[in-house]
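Remarks on the overall topology
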Amino acid sequence: MTVDAKPVAELPDPRDFGLAVVPEKEIPAELASLVEEVRSLVDAVAHTKAGAHELAAARDAVAAANACLQGDRHDVGTMVQQTWPDGRVEYGTLTNVVSGPTNAAAPPLRMEAAPEGGLRGEVVLNGTYQGPPGLVHGGWLAALLDQALGAAAGAEGMPGLTADLNVNYRNPSPLDTPLEVTARVTGTERRKVFVAGEVRHGGRVTAEGTALMVRMNLPGDGGA
Ligand SMILES: CCCCCCCCCCCCCC(=O)SCCNC(=O)CCNC(=O)[C@H](O)C(C)(C)COP(=O)(O)OP(=O)(O)OC[C@H]1O[C@@H](n2cnc3c(N)ncnc32)[C@H](O)[C@@H]1OP(=O)(O)O
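Here's what I pulled together on the structure shown here. Please read all numbers here as calculations on a predicted model, not as lab measurements. Residue numbering note: each chain is counted from 1, following its sequence as written. Residues qualify for local features only when their pLDDT is at least 70, as the model is predicted, and side-chain atom pairs are given and counted only at 80 or more; totals for whole chains, interfaces and linings, by contrast, use all residues.

Considerations on the sheet that holds strand 3 (residues 89-93)
How we decide: Strand pairing is assigned whenever DSSP detects at least two bridges linking the two strands. Only DSSP runs of H or I reaching four residues or more are called helices, and only runs of E reaching two or more are called strands; each is numbered from the N terminus. Fitting a line to C-alpha atoms yields each axis, with helices limited to the stretch in contact; the angle taken between N-to-C directions then spans 0 to 180 degrees.
Spatial ordering of the open sheet is given by 1-2-3, a layout of three strands whose pairing is mixed. Pairing within the sheet leaves two strands with one partner each, and these edge strands are strand 1 (21-23) and strand 3. When strand polarity is set aside, the average angle formed by the axes of neighbouring strands in this sheet is 30°. When strand 2 (residues 79-83) meets strand 3, the two strands line up antiparallel, connected through five bridges. Paired with Gln82 across the two strands is Glu90, which belongs to strand 3.

Below, the structure is given as structure tokens:
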């Protein structure tokens, strides 16, 4: 395939697009641990068999916590600048539902450079991501792949939006156990970036995805 898409020399700075940026290292440790606690809370609520007394007490405690947090908020669209263990710098949305560090609904998925090229990450989805009994919901597998595929394009200097995503479910993906997610760029054509990736459990592919990402239109593209 023709490789004529132009990777950007430097990642576009979201501030140039009017978006606020929070460096991940500036997220307070107390917020990170609160997010962890809320993740655990969501799982506990989803599975609890507690009685009325405990449920009412928990509801009051959560209502009190909620009231504590009704102050100043980050704007929707706020970005987080993340530096991955391999030194790669990446921008993502702060509350991205797959990888956002402050989003308790995000598993979260973290990707880093894979020795064989592209990106790889590991993620464990608990029972709140359940579709069929004991298995990850197919929509969430698509979300994991979409995010990983987008991140793979971004890591090659070609951040963009998903235009087309195809997912094949090859084997069941179990809950509560590590799933490996891999993704790589397979080709480019003008602003089109073709990407492919997999979810694996115990080395066996459970879902595979391909996508077309359309690279962001950047100054200097000249309509290419
Ligand atoms: C600075 C901030 C950093 C941000 C980092 C972000 C990281 C994100 C990571 C998040 C990961 C999570 C990811 C998410 O959740 S992304 C969220 C889900 N995706 C969207 O919401 C995207 C919605 N769609 C659009 O906005 C537009 O349609 C896009 C931007 C995709 C293209 O509209 P645009 O006006 O820009 O492009 P163009 O029309 O000039 O077309 C250009 C080329 O593309 C070809 N084409 C277009 N569409 C399709 C299609 N559907 N099938 C096949 N081909 C298609 C087209 O034929 C042409 O080809 P060619 O003529 O060259 O051959």
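Structure shown, so let's carry the discussion forward.
With respect to the sheet that holds strand 6 (residues 160-169)
The criterion, for reference: By the convention adopted here, residues make contact when the C-beta atoms placed from their backbones lie within 7 Å.
Taken in spatial order, the six strands of this open sheet run 4-5-7-8-9-6, and their pairing is antiparallel. Either end of the sheet is taken by a strand with one partner, and the two such strands are strand 4 (110-113) and strand 6. Neighbour-to-neighbour, the strand axes of the sheet open up by a mean angle of 25°, direction not taken into account. Contacts between helix 3 (residues 138-155) and the sheet are confined to strand 4, strand 5 (119-123), strand 6, strand 7 (179-189), strand 8 (192-201) and strand 9 (204-215), with strand 8 contributing the most and set at about 130° to the helix.

Notes on the nonpolar core
Using the following cut-off: Think of a nonpolar core as buried Ala, Val, Leu, Ile, Met, Phe, Trp, Tyr and Cys residues chained together by C-beta atoms that fall within 7 Å. Our exposure labels follow a C-beta count within 10 Å of each residue's own C-beta, placed from the backbone: buried means 20 or more other C-beta atoms, exposed means 12 or fewer, and partly exposed covers the counts in between.
Of all hydrophobic cores here, the largest spans 31 residues; its most connected members are Leu144, Ala148, Leu149, Ala152 and Val195. Looking at this core, the elements with two or more residues in it are strand 5, helix 3, strand 7, strand 8 and strand 9. In terms of residue count, helix 3 provides more of this core than any other element does, eleven residues in total. Excluding residues within four positions of it along the chain, Val195 makes contact with Leu149, Ala152, Ala153, Ala183, Arg184, Val185, Thr186, Thr210, Ala211 and Met213.

What about the site of the ligand?
What counts, and what does not: Being near a molecule or strand means, for a residue, that its C-beta atom, positioned from the backbone, comes within 6 Å of it. Classification used: nonpolar for Ala, Val, Leu, Ile, Met, Phe, Trp, Tyr, Cys and Pro, charged for Asp, Glu, Lys and Arg, polar for all others including Gly.
Residues in contact with the ligand amount to 19 residues; listed here are only the nearest, Gly150, Pro159, Leu161, Ala163 and Arg190. Contributing elements (two or more residues each) for the shell around the ligand: helix 3, strand 6 and strand 9. Of the residues that constitute the shell around the ligand, the class distribution is nine nonpolar, five polar and five charged.

With respect to helix 3
Applicable threshold: Here a helix's expected span is defined as the number of its residues, less one, multiplied by 1.5 Å.
Compared with the 26 Å implied by 1.5 Å per residue over 18 residues, the 25 Å span of helix 3 between its first and last C-alpha is a close match. Counting buried positions along helix 3 yields 15 of 18 residues, so the element is predominantly enclosed.

Remarks on the pairing of strand 8
Put simply, side chains in a regular strand alternate between the two faces of the sheet. The pairing of strand 7 with strand 8 spans nine bridges and is antiparallel. Note on strand 8: the bridge partner recorded for Thr182 is Glu198. Hairpin remark: strand 7 followed by strand 8, antiparallel, with two residues in the connecting loop; positive phi at Arg190, about 50°. Bridging between strand 8 and strand 9 involves ten bridges; their strand directions are antiparallel. Bridging across to strand 9, Arg200 finds its partner in Val205.

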